[in-house]
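# Observations on the three-dimensional arrangement
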Amino acid sequence: MRHPTSFVLVFFGLLALWPIMAGSYGADLVAKIMIYALLALSLELLVGSTGLVCFGQAAFFGIGAYAAILLSPADGSAPTLWLSLLSAIALAAVYALAVGALSLRTQGVYFIMVTLAFSQMAYYVVHDTPLGGGTDGIYMY
């Protein structure tokens, strides 16, 4: 029987070589898959580990994405990756603090409805104001 560490080493070695083998399309595809996997894992953490059915967890994902695009300059010269990541995390955390302070005091179906209400408020702020580009959204050039 082979040792499991050899499988892990081969797997991560192939994963490190993926951008060279697959080109820019493959690297972009894998990056999007990993981002959506993080979104799915956040839902699994909420429902599977804590038992909280939350309809608002995607709002934090969207707030982080809009923070990253709104805080980058329009001329195309992007700031450093760390600045974008920290700003996205900080703005999503501020929204999470406000939502958590009000929704964690509820339980059951009330928790579900409060989180749904907060996610709809975040949606309408982005969708119906010029902040989020309206119904067309924001285009990144």
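What counts and how
Residues numbered from 1 in each chain as written. Predicted model: local features only at pLDDT ≥ 70, side-chain atom pairs only at ≥ 80, totals over all residues. Heavy atoms only, no water. Helix = DSSP H or I, 4+ residues; strand = E, 2+ residues; numbered from the N terminus. Axes fitted to C-alpha atoms, helices over the stretch in contact; angles between N-to-C directions. Left-handed = near helix turned anticlockwise from the far one by under 90°. Contact = heavy atoms within 4.5 Å. Nonpolar A, V, L, I, M, F, W, Y, C, P; charged D, E, K, R; others polar. 1 Å grid on protein atoms, 1.4 Å probe; cavity = no way out; pocket = protein on both sides within 12 Å on 5 of 7 lines; lining within 4 Å. Points joined across faces, edges and corners; volume = space filled by probe spheres on them.

## Observations regarding the environment of Asp-136
Counting through the fold element by element, Asp-136 comes out in the segment after α4 (109-127). Residues Asp-136 and Ile-63, spaced 73 residues apart in sequence, show a C-alpha to C-alpha distance of 17 Å.

## Regarding the packing of helix α1 (residues 4-50) against helix α2 (residues 57-70)
Packing of α1 against α2 leaves a shortest axis separation of 10 Å and a crossing angle of 145°. Our pair here, α1 against α2, has a crossing hand that is right-handed. Of α2, the residues touching α1 (which contributes Ile-35, Tyr-36, Leu-39, Ser-42, Leu-43 and Leu-46) are Gln-57, Ala-58 and Phe-61. Looking at side-chain class alone, the contact of α1 with α2 contains 7 nonpolar, 2 polar and no charged residues.

## Focus: the layout of surface pockets
Counted as a void, the second largest pocket has a volume near 280 Å³. Along the wall of the second largest pocket there are 14 residues; nearest its centre are Ile-63, Tyr-66, Leu-70, Val-126 and Leu-131. Elements with a minimum of two residues in the lining of the second largest pocket: α2, α3 (81-103) and α4. The greatest single-element share of the lining of the second largest pocket, amounting to 5 residues, is contributed by α2. Considered class by class, the residues forming the lining of the second largest pocket number 12 nonpolar, 2 polar and no charged.

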